[in-house]
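Inside the fold
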Amino acid sequence: MAHRTQTPTRSRLPRGSRTLLAAALLTALAGCGGKDPGDGAAPVKEAAAPAVPKAAAAPAGLPGMPPLLDPHDVYAADRPNQLSPVVRNFPSRVYVPNTNSNTVSVIDPATYQVVETIRVGIQPQHVVPSWDMKTLWVNNNRGHTLTPIDPATGVAGKPVEVHDPYNLYFTPNGKYAIVMASLDRELVFRDPHTMERKKTVPVSCYGVNHADFSADGRYFVVSCEFSGELLKVDTEKMEVVGQQKLPFEGAMPQDVKISPDGKTFYVADMMAHGVWVLDGEKFTRPTLLPTGKGCHGLYISRDSREMYVPNRGEGSISVFDFAQNKLTKKWWLPDGGSPDMGGVSADGKVLWLSGRYDSEVYAIDTASGKQLARIPVGGGPHGLAVYPQPGRYSLGHTGIFR
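The following refers to the structure shown. (Residues numbered from 1 in each chain as written. Predicted model: local features only at pLDDT ≥ 70, side-chain atom pairs only at ≥ 80, totals over all residues. Heavy atoms only, no water.)

**Let's talk about the overall build of the chain**
If you tally the helices and strands in the chain, you get zero helices and 29 strands. Here the chain holds 402 residues, and 57% of them are scored as buried. Taking all contacts inside the chain whose residues are at least 6 apart in sequence as the whole, residues at least 24 apart take part in 50%. Element-wise, carbon and sulfur atoms account for 53% of the exposed surface of the chain, whose accessible area totals about 17400 Å². (Helix = DSSP H or I, 4+ residues; strand = E, 2+ residues; numbered from the N terminus. Buried < 20%, exposed > 50% of the residue type's maximum accessible area, 1.4 Å probe, protein only. Contact = heavy atoms within 4.5 Å. Areas by Shrake-Rupley, 256 points an atom, 1.4 Å probe, with all protein chains shown as cover.)

As structure tokens, this is what we get:
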């Protein structure tokens, strides 16, 4: 993320770096069958068929987690305008945390205008929808508080004391909130409503910041920005079960997203200038898919077919096609920019991204890649949330819904 006052300053356009080529392994399944006796053939006594072992049952999901609507698509609940009754009557807004201004700019997406500015704590990083989708939590990283916003009214509530809340996630069963305490080097499991600390998991990597969960919810993968590492964490046990260093000197992993089929994790890396492709189950060495300078965020289209990848260091958005397993388009912002974090509109037609170094927000047509608007906001806009969005519950960050 490269934006905390305590961390070294990073250049806006990172130097070029070597890339690793991704390799794919294809597996084939073979089947067998038998013939029936021909017409008129004398009856014969068939030999007993050899016993066929039953297919192993799919591992059970995290206890208490709502089952996926489609086992082949973790985002099946996120179709256009498929709003939960919980959020259906919320006004459509874009909430933009301005880390340098200690405010949240509220944009009306219908007019592309800032309609309100909410003062919050010191260095707000992300606006995070709660698991039950009733609250938006502003992560005031250096103010050590979370500011709740009621998305029905837009009114901010009393801040809750939480140390080093750089980012915030929720377990898929809604049992815990998980604070990414980046500088504290901790994953802190808390009550999802009161934010009371339940368990602290110290980590040896530096700069925990983003994550996503497996399809069954039993583990999640975490990026460690400042040490260039990845963690694998058992959700139920609340324990780190895997750790690896990315195979790139100076790696700075950012956003994490799982593929619609639940088989692959993608990790944006702003210094490797691409996306790491990881087998989450095996947690083996990932391969790099180059996208552009300062690769940063990862957002899934409403039809689960594409992933939008903003490249903050060059003012572009790469588009990855899951079925084709390759990048198919690249959109460039007019007059450049620094596209960072954001989300997709409820109808899937607009990609909203903060302009991290330019005090602005971009609205981009997802059909054409055309810039629809460029909206001035406060200083250092970061993890904006488009709200409401389709889905049954939130896993956190700027809006990961299932």
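From this point, things continue past the structure.
**What to know about the pairing of strand β13 (residues 208-213)**
It is a general feature of regular strands that their side chains alternate between the two faces of the sheet. Most of β13 sits out of view: six of its six residues are buried. Between the antiparallel neighbours β13 and strand β14 (residues 219-224) lie five residues, among them Gly-217 with a positive phi of about 75°. (Pairing = 2+ DSSP bridges.)

**Some points on the sheet that holds strand β11 (residues 186-190)**
Taken together, four strands build an open sheet; the order of strands is β9-β10-β11-β12 and the sheet is antiparallel. Looking at the sheet topology across the chains shown, the edges are occupied by β9 (167-170) and β12 (197-202). Within this sheet the neighbouring strands show an average axis-to-axis angle of 20°, counted without direction. (Axes fitted to C-alpha atoms, helices over the stretch in contact; angles between N-to-C directions.)

**Re the packing of aromatic side chains**
Each aromatic ring pair is summarised here by two numbers: the centre-to-centre distance and the angle between the ring planes. Enumeration over the complete set of coordinates arrives at 12 aromatic pairs. Here Tyr-219 and Phe-265 contribute two aromatic rings whose centre-to-centre distance is 5.9 Å and whose plane-to-plane angle is 40°, an arrangement assigned as tilted. Separated by 46 residues along the polypeptide, Tyr-219 in strand β14 and Phe-265 in strand β18 (residues 265-269) bring together distant segments of the chain. An angle of 35° between the planes, with centres 6.4 Å apart, marks the rings of Tyr-387 and Phe-401 as tilted. Here Phe-401 lies in the segment after β29 (385-387) and Tyr-387 lies in strand β29, a separation of 14 residues in the sequence. Accessibility expressed as a relative area gives 1% for Tyr-387, which makes it buried. Take Phe-401: its relative accessible area is 2%, and that puts it in the buried class. The structure contains a cluster of three or more aromatic residues connected by ring pairs, namely Phe-90, Tyr-387 and Phe-401. Stacked on the ring of Tyr-206, the Lys or Arg Arg-185 has its end atom at 4.4 Å from the ring centre. Sitting above the plane of the Tyr-219 ring, Lys-232 keeps its charged end 4.3 Å from the centroid. (Phe/Tyr/Trp six-rings, centres within 6.5 Å; stacked < 30°, edge-to-face > 60°. Lys NZ or Arg CZ within 6 Å of the ring centre and 35° of its normal.)

**Topic: the state of the cysteines**
By the definition in use, this model includes one disulfide. Across the disulfide, Cys-205 is cross-linked to Cys-224 (sulfur-sulfur distance 2.1 Å). For the disulfide bridge between Cys-205 and Cys-224, the dihedral angle about the S-S bond is near -50°, and by the sign convention the bridge is left-handed. Here Cys-205 is found in the loop between β12 and β13, whereas its partner Cys-224 is found in strand β14, with 19 residues between them in sequence. In this structure, Cys-205 and Cys-224 share a single accessibility class: buried. (Disulfide = S-S within 2.5 Å.)

**Some points on the pairing of β18**
Judged by how many residues are buried, β18 sits mostly within the fold: five of five residues are covered. Where burial is concerned, the two faces of β18 agree: the one with Phe-265, Val-267 and Asp-269 and the one with Tyr-266 and Ala-268 are both buried. As judged from the four bridges shared by strand β17 (residues 253-258) and β18, these two strands associate in the antiparallel manner. Across the sheet, Ile-258 pairs through a bridge with Phe-265, a residue of β18. Across five bridges, the pairing between β18 and strand β19 (residues 274-278) is antiparallel. Bridge pairing in β19 links Val-267 to Trp-276. Counting the residues in the hairpin turn of β18 and β19 gives four residues, including His-273, whose phi is positive at 60°.

**Observations concerning unusual backbone geometry**
Cis geometry is found at the peptide bond from Tyr-387 to Pro-388, where omega equals 0°. Within the secondary structure layout, Pro-388 lies in the segment after β29. Positive phi, normally seen in glycine, also occurs at His-273, with a value near 60°. Here His-273 shows up in the loop between β18 and β19. You can call His-273 buried: its relative accessible area is 8%. Unlike most non-glycine residues, Asn-325 shows phi in positive territory, near 55°. Positionally, Asn-325 belongs in the loop between β23 (316-321) and β24 (326-332). Here Asn-325 falls in the partly exposed class, since its relative accessible area comes to 48%.

Taken by themselves, the reported measurements are silent on function.
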